[in-house]
Amino acid sequence: GLTVLTGASGAGKSTVLAALVGLLRSERGVDVSGDVRVPPRVAFAAQRPVTLAPTVGEEIALRLPDDLRTAPEDSPARSAAVAACLRFACLPVDVNMPCIALSPGQQRRLSLARARASVMAGAGLVLLDEPTAHLDTATAADVRSRIADLAQEVPVVAATHDGALVGVADRRAH
């Protein structure tokens, strides 16, 4: 299902996601009530994504299952998997496009494509930080639809100010 985290800017939505993915550690520990289980493999689409590979295709391939990740770049199976991730993220760019040339909205969608690749590789939870920010109305609607579809496959938690994404969520935490 899809759970959205809502609240004012600065309320801590991104901090919650960073803690869930393990980017933040507390020296004093954290008190949690209820049943909270984070699977060993988590996909995270950050609000300000950082890329490691020079091209879009190589960046997505880093998150694919091992057999596809290590396959030659021109392998039909690897090419098909990368293309599927780009379609999922509504990112119609050439796989050889330099990551540095992407706009902020395209970077955010590349992060979504990487998250989809991580699910293909076995991620059991997807965390999305403002996934529809910097997107035009039509693209944001498409991305919301893809997120809702993904949430039928694995649990998705999204921090958002997007009222339409809140509207398609199964749960909301404010």
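In this report, the structure presented in the accompanying data block is examined.

### Details of the pairing of strand β2 (residues 42-45)
1) Next: Alternating positions in β2 separate cleanly, Ala43 and Ala45 being buried on one face and Val42 and Phe44 remaining unburied on the opposite face.
2) Next: Bridge count between β2 and strand β3 (residues 125-129): 4 bridges; the pairing is parallel. In the strand pairing of β3, Ala43 is matched with Val126.

### Concerning the packing of helix α4 (residues 76-88) against helix α5 (residues 104-120)
1) Next: The interhelical angle for the contact between α4 and α5, taken along N-to-C directions, is 130°, at an axis separation of 8 Å. Put simply, α4 runs oblique to α5. The handedness of the crossing between α4 and α5 is right-handed. The residues of α5 that touch α4, namely those facing Ala81, Cys85, Leu86 and Phe88, are Leu112, Ala113, Arg116, Ala117 and Met120.

### Overview of helix α1 (residues 13-21)
Spacing of three or four residues puts side chains on the same side of an α-helix, whose turn is 3.6 residues.
1) Next: Inspection of α1 places Lys13, Leu17 and Ala18 among the buried residues, and these make up the whole buried set. For α1, the angular spread of buried residues about the axis comes to 135°, placing them on one side.
2) Next: Each element contacted by the buried residues of α1 is listed here: β1 (2-5), β2, β3 and β4 (156-159).
3) Next: Looking one or two residues past α1, Gly22 carries a phi angle of roughly 95°, positive in sign.

### Remarks on the environment of Ala148
1) Next: With respect to the secondary-structure elements, Ala148 resides in helix α6 (residues 137-150).
2) Next: Residues Ala148 and Leu2 lie 146 residues apart in sequence; the distance between their C-alpha atoms is 6.7 Å.

### A closer look at the state of the cysteines
1) Next: A full pass over the atoms with the stated rule returns 0 disulfides.
2) Next: In this model Cys85 remains outside any disulfide bridge; the closest cysteine sulfur is found in Cys90, 13 Å from its own.
3) Next: Given the relative accessible area of 0%, Cys85 is considered buried.
4) Next: For Cys90, a relative accessible area of 13% puts it in the buried group.

### With respect to the pattern of salt bridges
Charged atoms that come close allow side chains of opposite charge to pair.
1) Next: Applying the stated criterion to the full structure yields 5 salt bridges.
2) Next: Between Arg114 and Glu59 there is a salt bridge; the shortest N-O distance is 2.7 Å. With a gap of 55 residues between them, Arg114 in helix α5 and Glu59 in helix α2 (residues 56-61) connect regions that are remote in the sequence.
3) Next: Residue Arg114 is classed as buried on the basis of its relative accessible area, which comes to 6%.
4) Next: Judged by its relative accessible area of 0%, Glu59 falls in the buried class.
5) Next: As a salt-bridge pair, Arg144 and Asp162 come within 2.6 Å of each other at their nearest N and O atoms. With Arg144 in helix α6 and Asp162 in the loop between β4 and α7 (163-168), the pair connects residues that are 18 residues apart, well separated along the chain. Comparing Arg144 with Asp162 shows no difference in burial state: the two are buried.

Conventions we followed
Residues numbered from 1 in each chain as written. Predicted model: local features only at pLDDT ≥ 70, side-chain atom pairs only at ≥ 80, totals over all residues. Heavy atoms only, no water. Buried < 20%, exposed > 50% of the residue type's maximum accessible area, 1.4 Å probe, protein only. Helix = DSSP H or I, 4+ residues; strand = E, 2+ residues; numbered from the N terminus. Pairing = 2+ DSSP bridges. Axes fitted to C-alpha atoms, helices over the stretch in contact; angles between N-to-C directions. Parallel < 35°, antiparallel > 145°, perpendicular 65-115°, else oblique. Left-handed = near helix turned anticlockwise from the far one by under 90°. Contact = heavy atoms within 4.5 Å. Arc of directions from axis to C-beta. Disulfide = S-S within 2.5 Å. Salt bridge = Lys/Arg side-chain N within 4 Å of Asp/Glu carboxyl O.

The values reported here are purely geometric and, on their own, carry no functional implication.
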